[in-house]
Amino acid sequence: MKTHIYSSLELPQSIVAIGAFDGVHRGHQTVIRQAVQRGRKLKVPSVVFTFDPPPRVFFQGARMLTTVEEKLAKIEKLGARHAVVVRFDEVYARRSAYEFIDCLAKLNPAEIMVGGDFRFGKDRLGDVSLLEKYFKVSVTNPVRCSQGSVISSSRIRQLISEGEIHLSNSLLGWPAGK
């Protein structure tokens, strides 16, 4: 099934996975798969809501692990029906947490899937607790590597900079840049 890509979208109901998803690593894959499975169970479309560039790249100049095209190809392989890609720029970064909630409301989420460290809105003032006041939210537990460390895009960036390509690829779940 082909994933449909939008900059904004309105649906009568959906299951939404939200995140920067830079690298679409094994932790991200878990969040997205949970949304896809829940959508199939409830017979509603799954939506991945993501950003280009990822906020950490925008604010901190971090190395981007995947282009938006690579990210979308990986999201499609995971079975999501729709992807909303928001252009993250100076204007978007000034949006309040409540403006973000209003944007999500157009998707009519039956449930939202996020990681526990999810923050949103200007100055990262929105968090899971605020999101739960408006929507049913499922927080995905951190995915850990075989050594027990949490898999994160920051850790993968560090491994790549240290030349640990084999280990970074194992955390990504596919070769970097593929």
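Before reading on, note that the structure itself is shown above.
What comes next is a walk through the structure. (Residues numbered from 1 in each chain as written. Predicted model: local features only at pLDDT ≥ 70, side-chain atom pairs only at ≥ 80, totals over all residues. Heavy atoms only, no water.)

### Looking at the environment of His25
Positionally, His25 belongs in the loop between strand E2 (14–18) and helix H1 (26–42). As a C-alpha pair, His25 and Glu111 span 86 residues in sequence and 22 Å in three-dimensional space. Beyond its immediate stretch of four places on either side in the chain, His25 contacts Ile151, Ser152, Ser153, Ile156, Leu171 and Leu172. (Helix = DSSP H or I, 4+ residues; strand = E, 2+ residues; numbered from the N terminus. Contact = heavy atoms within 4.5 Å.)

### Some points on the pattern of salt bridges
This structure, assessed with the given rule, holds five salt bridges. Ionic pairing is found between Lys122 and Asp123, a salt bridge with its closest N-O pair at 3.4 Å. Judged by relative accessible area, Lys122 falls into the partly exposed class, the value being 38%. The exposure class assigned to Asp123 is exposed, which follows from its relative accessible area of 59%. Taken together, the shared-partner salt bridges connect Arg38, Glu111 and Lys136 into one network. (Salt bridge = Lys/Arg side-chain N within 4 Å of Asp/Glu carboxyl O. Buried < 20%, exposed > 50% of the residue type's maximum accessible area, 1.4 Å probe, protein only.)

### Some points on the pairing of E2
Burial analysis of E2 places five of its five residues in the buried class, which makes it a mostly covered element. Alternating positions in E2 separate into two faces, Ser14, Val16 and Ile18 on one and Ile15 and Ala17 on the other, with burial throughout. Note: E2 against strand E5 (residues 109–115), four bridges, orientation parallel. Looking at the pairing, Ser14 lines up with Pro109 of E5. Here E2 pairs with strand E3 (residues 46–52) via four bridges, running parallel. Bridge pairing in E3 places Ala17 opposite Val48. (Pairing = 2+ DSSP bridges.)

### Quick look at the side chain of Thr140
In this fold, Thr140 is placed in strand E8 (residues 137–140). Residue Thr140 is classed as buried on the basis of its relative accessible area of 7%. Here Gln34 takes part through its side chain, which lies 2.6 Å from a polar atom of the side chain of Thr140. Once you skip the residues sitting within four places of it in the chain, Thr140 turns out to touch Thr30, Val31, Gln34, Val114, Gly115 and Gly116. (Polar contact = N/O pair within 3.5 Å; in protein donor to acceptor, adjacent residues only side chain to side chain.)

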